[in-house]
Amino acid sequence: MQNNNRITKAEGLRLFKKADILELGRMSDEIRNRLHPECIVTFIVDRNINYTNVCINRCLFCAFWRDENDPEAYILRKDELFSKTEETIQLGGTQILIQGGLNPKLNLDYYTNLLKELKSRFDINVHGFSPPEICYIADRSDLTIRETLKILKDAGLDSIPGGGAEILSDRVKEVISPRKIKSGRWLKVMEEAHKLGMKTTATMMFGSIEEAGDIIEHLTAVRNLQDKTGGFTAFIPWSFQPGNTALAKGSNPPLPPFTKGGSGGIYKLHPATAVEYLRILALSRIYLDNIKNIQASWVTQGLKLAQVALRFGANDFGSTMIEENVVASTGVRYKVSKEDIINAIKHTGFKPAQRNTYYEIIRYF
Ligand code: SF4
């Protein structure tokens, strides 16, 4: 689905910085309408299951992680994980999204046994383990990324979420997540997964310290890989939520010496406004001419702005999120039911439909 009139980096930058917001909306809505002329807006019924919050990466933008000895540290018991999966199926869910921190107590066997047990008990798509988790498992097991993915796939892993990308610009990563894998490894995991026939999503977290050029760098990297593999089902841009994060507080853990959090620091945090969110969403729709689906993020923007997003390039409402913990740990928690999502889509004039992981429609509403 690549467009011959593909926009260049320079054009993307110009659009991002200079274009009128309503003009961006019109352009992205036209593309959305060309790709999805049936005026359907999809969503998936699923649940995020975070199997552990212990994480050695301690990213500065993340409020979810805990140290191993923290009283709030946990590894989810398997029976809890299974009952959450059971409940998801009872609520009409077709997917569980399993993600967690990089916990030194968990080894490759933990992951493969978990996947095998899940698949033997339930008929559900397991969308799990974003690239930082895959790399951590690979490094600790002395395996290549490809070998690790193959083992996890054979154990039952179906598809991979695009988390952990944040901004695919190492300049930014060095500040907001210095211990996390760099852009090259994130892209490598996705490329190898696609080559093994696994579908993945791509995400982008903006609104921290990045500049416009970093956003273009991110979109270009995703577009180039999609040209090569075609394995991304969707792109999900969402904005950094500063609540309870070290990046906003400038404390615990200490920031690297070249940065300083809070006000008066060397870098400047600029959390995205609603208009900036819409600009980036529209730009993503225009720039990523080879990715069919763009998700609106009601989890970070709320249902009302997610409705507006449907006229700024988005054609998918993401997940009903029976459970969500990572964004909620920043203090941002929108209470939204499946019916709320269906009504929100209907009120914008689109037809709501439940889909599966692969964007196949299961049911219209
Ligand atoms: S964003 Fe992920 S890798 Fe970073 S600290 Fe949080 S859980 Fe760990």
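Scroll up for the structure.
About the cut-offs
- Residues numbered from 1 in each chain as written.
- Predicted model: local features only at pLDDT ≥ 70, side-chain atom pairs only at ≥ 80, totals over all residues.
- Heavy atoms only, no water.
- Helix = DSSP H or I, 4+ residues; strand = E, 2+ residues; numbered from the N terminus.
- Rg over C-alpha atoms; globule rule 2.2 N^0.38 Å.
- Contact = heavy atoms within 4.5 Å.
- Areas by Shrake-Rupley, 256 points an atom, 1.4 Å probe, with all protein chains shown as cover.
- Lys, Arg positive; Asp, Glu negative; His and termini not counted.
- Charge placed at Lys NZ, Arg CZ, Asp CG, Glu CD.
- Near = heavy atom within 4 Å.
- Nonpolar A, V, L, I, M, F, W, Y, C, P; charged D, E, K, R; others polar.
- Salt bridge = Lys/Arg side-chain N within 4 Å of Asp/Glu carboxyl O.
- Buried < 20%, exposed > 50% of the residue type's maximum accessible area, 1.4 Å probe, protein only.
- Pairing = 2+ DSSP bridges.
- Axes fitted to C-alpha atoms, helices over the stretch in contact; angles between N-to-C directions.
- Core = buried A, V, L, I, M, F, W, Y, C linked by side-chain atoms within 4.5 Å.
- Polar contact = N/O pair within 3.5 Å; in protein donor to acceptor, adjacent residues only side chain to side chain.
- Phe/Tyr/Trp six-rings, centres within 6.5 Å; stacked < 30°, edge-to-face > 60°.
- Parallel < 35°, antiparallel > 145°, perpendicular 65-115°, else oblique.
- Left-handed = near helix turned anticlockwise from the far one by under 90°.

## Regarding the overall build of the protein chain
Point 1. A tally of regular secondary structure across the protein chain gives 13 helices and 10 strands.
Point 2. For a compact globule of 365 residues, the expected C-alpha radius of gyration is about 21 Å, and the protein chain comes in at 19 Å, within 12% of that figure.
Point 3. Over its C-alpha atoms, taken along the principal directions, the protein chain stretches across nearly 50 × 50 × 40 Å.
Point 4. At a minimum sequence separation of 6, the contacts of the protein chain that also span at least 24 residues come to 77%.
Point 5. Within the structure as shown, the protein chain displays about 15200 Å² of accessible surface, and the carbon and sulfur contribution to it stands at 50%.
Point 6. Across the protein chain, the centroid of the 48 positively charged side chains sits 3 Å from that of the 42 negatively charged ones.

## A few points about the site of the ligand
Point 1. Surrounding the ligand, one finds C55, N57, R58, C59, F61, C62, W65 and K180.
Point 2. Its residues assigned to classes, the shell around the ligand comprises five nonpolar, one polar and two charged.

## Considering the pattern of salt bridges
Where charged atoms from two side chains of opposite charge come close, those side chains can pair.
Point 1. If you walk through the whole model with that rule in mind, you get 25 salt bridges.
Point 2. Ionic pairing is found between R26 and E23, a salt bridge with its closest N-O pair at 2.8 Å. In this pair, R26 and E23 both sit in helix α2 (residues 21–35), three residues apart, roughly one turn of the helix.
Point 3. Classification of R26 by relative accessible area gives partly exposed; the value is 42%.
Point 4. The closest approach of N and O atoms between R66 and E72, which form a salt bridge, is 2.7 Å.
Point 5. Sharing partners across several salt bridges, the network here consists of R6, D227 and D289.

## Concerning the sheet that holds strand β6 (residues 232–239)
Point 1. Spatially, β5-β6-β7 is the arrangement adopted by the three strands of the open sheet, whose pairing is parallel. Whereas interior strands pair on both sides, the edge strands pair on one side only; in this sheet they are β5 (200–206) and β7 (293–294).
Point 2. Each of β5, β6 and β7 touches helix α11 (residues 274–287); the most contacted strand, β6, lies at about 160° to it.

## Regarding the sheet that holds strand β10 (residues 361–364)
Hydrogen bonds between backbone atoms are what pair the strands of a sheet, whose relative direction is either parallel or antiparallel.
Point 1. Ordered by their spatial adjacency, four strands build an open sheet running β8-β1-β9-β10, and the pairing between neighbours is mixed. With partners counted over all chains shown, the strands left at the sheet margins are β8 (316–319) and β10, one partner each. Going across the sheet, the axis of each strand differs from the next one's by a mean of 25°, ignoring polarity.

## Some remarks on the nonpolar core
Point 1. Counting residues in each nonpolar core, the largest one holds 104 residues, and the members touching the most others are L118, I215, F235 and F317.
Point 2. The element best represented in this core is α11, accounting for eight residues.

## Here we look at the environment of S239
Point 1. Within the secondary structure layout, S239 lies in strand β6.
Point 2. Overall, S239 belongs to the buried group, its relative accessible area being 4%.
Point 3. Those residues within four positions of S239 in sequence are excluded, and the remaining contacts are M205, F206, A272, T300 and Q301.
Point 4. Here Q301 takes part through its side chain, which lies 2.7 Å from a polar atom of the side chain of S239.

## Quick notes on the packing of aromatic side chains
Point 1. This structure, assessed with the given rule, holds nine aromatic pairs.
Point 2. With 6.2 Å between their ring centres and 50° between their planes, F82 and F122 make a pair best called tilted. Of this pair, F82 sits in helix α3 (residues 78–90) while F122 sits in the loop between α4 (108–121) and β4 (125–128), and the two are 40 residues apart along the sequence. F122 matches F82 in its accessibility class, with the two residues each being buried.
Point 3. Aromatic ring contacts, followed pair by pair, group Y51, Y110, Y111 and F129 into a single cluster.

## Some points on the packing of helix α8 (residues 183–195) against helix α9 (residues 212–229)
Point 1. Two numbers describe how α8 lies on α9: the axes approach to 10 Å, and their chain directions differ by 20°. Between α8 and α9, the interaxial angle falls into the category roughly parallel. Relative to α9, α8 is oriented so that their crossing is right-handed. Here L187, M190, E191 and H194 of α8 lie close against α9, whose contacting residues are A221, L225, K228 and T229.
Point 2. A class-by-class count of the residues in the contact of α8 with α9 yields four nonpolar, two polar and two charged.

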